[in-house]
Amino acid sequence: MDDDSRWIELDGAVNARDLGGLPTADGGATRLGRVLRSDNLQDLSVTDVRILLDDYALKNVIDLRSDAEVRLEGPGPLTRVPSVTIHQLSLFAEGGRHTDVAADVAKALPWQERPSDGPEQDRSTGHYLGYLADRGDSVVAALRVMTRTDGAALVHCAAGKDRTGVVCALALDVAGVTREAIVADYAQTGERLEAVLRRLRGSDTYAADLDSRPADTHQPHAAIMEKFLARIDEQHGGTIGWLAGHGWTTEDTDTLRERLLG
């Protein structure tokens, strides 16, 4: 399937796409309309909401942002839709002054505390492994939301690149999507990165952090996801091995595969 056809064109989000149409190692493909991914949903228009509800039967939103981000940004339009359930599953350790909305914005955002030394690709891989170390519970919960059969699930964070990229990569790996396709889906955000950054710079929550870093550090380079998945293989025997250490079962694997492939 042409990657361009997986994009979902919305007024208020620029990095929305369908995880359907991706090839699996056994010659199959993921199903369209089951799991979607996106950047922040705060600015969705009335038309956008109707597209997600009518064209995709959206029922579950997996919000990977931290408690601080959610409070600073305020409720988005989908929080007012009774038929949609919001699952807030932060990938950062929550607690202490760094989640106090009264604190300085920079200190309220957990990624500000991550080490900044070393090559960029290694730093990004370290961040991604940090999500697994800090919030394995949220990762497992997010994948289980994807198995629900009452309609589409949409996973998002702020840019729809890092946290969303990790959770989607793990789900696709469980489903048997080829590594090449998983990495390509992660890197595809680069096509919309300029628009993503322009959106986030319009928010007081994110603008200062974005402007403090060189532009290239925001790029979703394929090598970052390749290294991340390789580290999971080396340290845990693969994604399912890591998941199994956090309560994931064979039944969970079968259910997720059926949802994404069936």
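Residues numbered from 1 in each chain as written. Predicted model: local features only at pLDDT ≥ 70, side-chain atom pairs only at ≥ 80, totals over all residues. Heavy atoms only, no water.

- The name an unreviewed UniProt entry gives the chain is Protein tyrosine/serine phosphatase, with Actinomadura citrea as the organism.
- As stated in UniProt under Sequence similarities (unreviewed entry), the record for the chain gives "Belongs to the protein-tyrosine phosphatase family." (UniProt positions renumbered as here; feature names shortened; annotations may be inferred.)

1. Details of the sheet that holds strand β1 (residues 17–18)
In step 1: As summarised here, the arrangement of the five strands in space is β1-β2-β5-β3-β4, forming an open sheet in which the pairing is mixed. Whereas interior strands pair on both sides, the edge strands pair on one side only; in this sheet they are β1 and β4 (85–88).
In step 2: As defined by bridge partners, strand β2 (residues 35–38) adjoins strand β5 (residues 152–156) across four bridges and the pair is classed as parallel. Looking at the pairing, S38 lines up with H156 of β5. (Pairing = 2+ DSSP bridges. Helix = DSSP H or I, 4+ residues; strand = E, 2+ residues; numbered from the N terminus.)

2. Notes on the nonpolar core
In step 1: I62, L143, M146 and F228 are the most contacted members of the largest nonpolar core, which totals 45 residues.
In step 2: Elements with a contribution of two residues or more to this core: α4 (120–134), α5 (136–146), β5, α6 (163–175), α7 (179–187), α10 (222–236), α11 (239–244) and α12 (250–261).
In step 3: It is α6 that contributes the most residues to this core, nine residues altogether.
In step 4: Setting aside its immediate chain neighbours within four residues, F228 contacts T125, Y128, L129, L132, V166 and L170.
In step 5: Judged by nonpolar contacts, the second largest core, of 18 residues, contains A16, L44, L58 and V81. (Core = buried A, V, L, I, M, F, W, Y, C linked by side-chain atoms within 4.5 Å. Buried < 20%, exposed > 50% of the residue type's maximum accessible area, 1.4 Å probe, protein only. Contact = heavy atoms within 4.5 Å.)

3. Here we look at the pattern of salt bridges
In step 1: Using the criterion set out here, one finds 16 salt bridges in the structure.
In step 2: A salt bridge links E9 to R192; its shortest N-O distance comes to 2.8 Å. Of the two residues, E9 sits in the segment before β1 while R192 sits in the loop between α7 and α8 (193–201), which places them 183 residues apart along the sequence.
In step 3: Here the residues in one salt-bridge network are R6, R17, R37 and D185, joined through shared partners. (Salt bridge = Lys/Arg side-chain N within 4 Å of Asp/Glu carboxyl O.)

4. Some points on the pairing of β5
In step 1: Among the five residues that make up β5, five are buried, leaving the element largely enclosed by the rest of the structure.
In step 2: Residue alternation in β5 divides its side chains into two sets, A152, L154 and H156 and A153 and V155, and both sets are buried.
In step 3: Summarising the sheet, strand β3 (residues 58–63) and β5 pair through five bridges and their orientation is parallel. By the bridge assignment, I62 is partnered in β5 with V155.

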